[in-house]
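A structural walkthrough
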Amino acid sequence: MLTIIGCGNLNRNDDAVGVIIAQRLQQYLAENPHPKVRVFDCGTAGMEVMFQARGSEKLIILDASCTDSPPGAIFKVPGKELEALPEPSFNLHDFRWDHALAAGRKIFLDDFPQDVTVYLIEAANLDFGLDLSAAVQHSADLVLAELITIISQNVTA
């Protein structure tokens with residue numbers, strides 16, 4: 001099973017890119033069903049990422065980044081490079097997807113995907129708003145096309 005999870009905030013312009021790609025993939029799968037592929041919009045809910053990833057063989061996470069790189073830069077990173085255990089806290093609002101990777105592996109053991117890839121797209125604008133910048137929209141289209149290819153390969157594998 002391949003699980004693809006989009007993360008981000010739809011009200012913060014480019015921060016929405018992961019969610020928007022996930023929503024577009026959901027539309028694609030509605031027209032081209034693939035029983036071995038699941039796509040979720042997890043927004044900003046890190047705990048949801050952990051539970052939706054459980055039981056998958058392969059996990060792909062989509063999100064925006066803010067690294068002072070050129071807007072629209074695409075980073076494809078192994079999940080192991082980004083996972084981090086959260087600081088002890090009673091506030092689950094601080095539990096992010098990178099925490100979900102580490103915690104899910106620790107809690108669910110072999111029932112959590114070992115094969116994790118994270119696509120990050122460098123944001124140009126994280127202000128309040130509903131639109132992707134042109135550079136991020138272009139990169140979202142490129143990542144979407146690559147994911148559709150991965151989905152097609154996953155079905156035939």
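Above this text sits the structure in question.
It should be emphasised that the depicted structure is a prediction, and the values quoted were computed from it without experimental measurement.

Let us look at the state of the cysteines. Tallying each qualifying case throughout the model produces zero disulfides. No disulfide involves cysteine 42; its sulfur sits 5.8 Å from that of cysteine 7, the nearest cysteine.

In this section: the pattern of salt bridges. A pair can form between side chains of opposite charge whenever their charged atoms are brought close. On inspection of all chains with the given rule, the structure shows five salt bridges. Measuring nitrogen to oxygen at the nearest pair gives 2.7 Å for the salt bridge that ties aspartate 141 to arginine 24. With aspartate 141 in helix α5 (residues 134-156) and arginine 24 in helix α1 (residues 17-31), this pair connects stretches of sequence that are 117 residues apart. Classification of aspartate 141 as partly exposed rests on a relative accessible area of 33%. Here glutamate 83 ties to arginine 105 by a salt bridge, and the two come within 2.9 Å at their closest N and O atoms.

To continue, consider the packing of helix α2 (residues 46-53) against helix α4 (residues 97-108). Viewed as axis vectors pointing N to C, α2 and α4 meet at an angle of 45°, and their least axial separation amounts to 8 Å. Classed by the angle they form, the pair α2 and α4 counts as oblique. Considering how the two elements wind past one another, α2 and α4 form a crossing that is right-handed. For the pair α2 and α4, contact is made by Gly46, Val49, Met50 and Phe51 and by Trp97, Ala100, Ala103, Gly104, Ile107 and Phe108, respectively. In terms of residue class, the contact of α2 with α4 is built from eight nonpolar, two polar and no charged.

Another aspect to go through is the packing of aromatic side chains. According to the stated counting rule, one finds two aromatic pairs in the structure shown. Ring geometry for phenylalanine 108 against phenylalanine 112: centres 6.4 Å apart, planes inclined by 20°, an arrangement best described as stacked. For phenylalanine 112, a relative accessible area of 2% translates into the label buried. Seen from the ring of phenylalanine 128, arginine 12 lies directly overhead, with NZ or CZ sitting 4.9 Å from the centre.

This part covers the sheet that holds strand β2 (residues 37-43). Ordered by their spatial adjacency, five strands build an open sheet running β2-β1-β3-β5-β4, and the pairing between neighbours is mixed. Pairing within the sheet leaves two strands with one partner each, and these edge strands are β2 and β4 (74-78). Averaged over all adjacent pairs, the angle separating strand axes in this sheet is 20°, with direction ignored. Relative to strand β3 (residues 58-65), strand β1 (residues 2-7) runs parallel, the two being bridged by five bridges. Paired with glycine 6 across the two strands is leucine 62, which belongs to β3. Across the sheet, α1 lies against β1, β2, β3 and β5 (115-122), angled at about 145° from β2, the strand it touches most.

Rules used in this analysis
- Residues numbered from 1 in each chain as written.
- Predicted model: local features only at pLDDT ≥ 70, side-chain atom pairs only at ≥ 80, totals over all residues.
- Heavy atoms only, no water.
- Disulfide = S-S within 2.5 Å.
- Salt bridge = Lys/Arg side-chain N within 4 Å of Asp/Glu carboxyl O.
- Helix = DSSP H or I, 4+ residues; strand = E, 2+ residues; numbered from the N terminus.
- Buried < 20%, exposed > 50% of the residue type's maximum accessible area, 1.4 Å probe, protein only.
- Axes fitted to C-alpha atoms, helices over the stretch in contact; angles between N-to-C directions.
- Parallel < 35°, antiparallel > 145°, perpendicular 65-115°, else oblique.
- Left-handed = near helix turned anticlockwise from the far one by under 90°.
- Contact = heavy atoms within 4.5 Å.
- Nonpolar A, V, L, I, M, F, W, Y, C, P; charged D, E, K, R; others polar.
- Phe/Tyr/Trp six-rings, centres within 6.5 Å; stacked < 30°, edge-to-face > 60°.
- Lys NZ or Arg CZ within 6 Å of the ring centre and 35° of its normal.
- Pairing = 2+ DSSP bridges.

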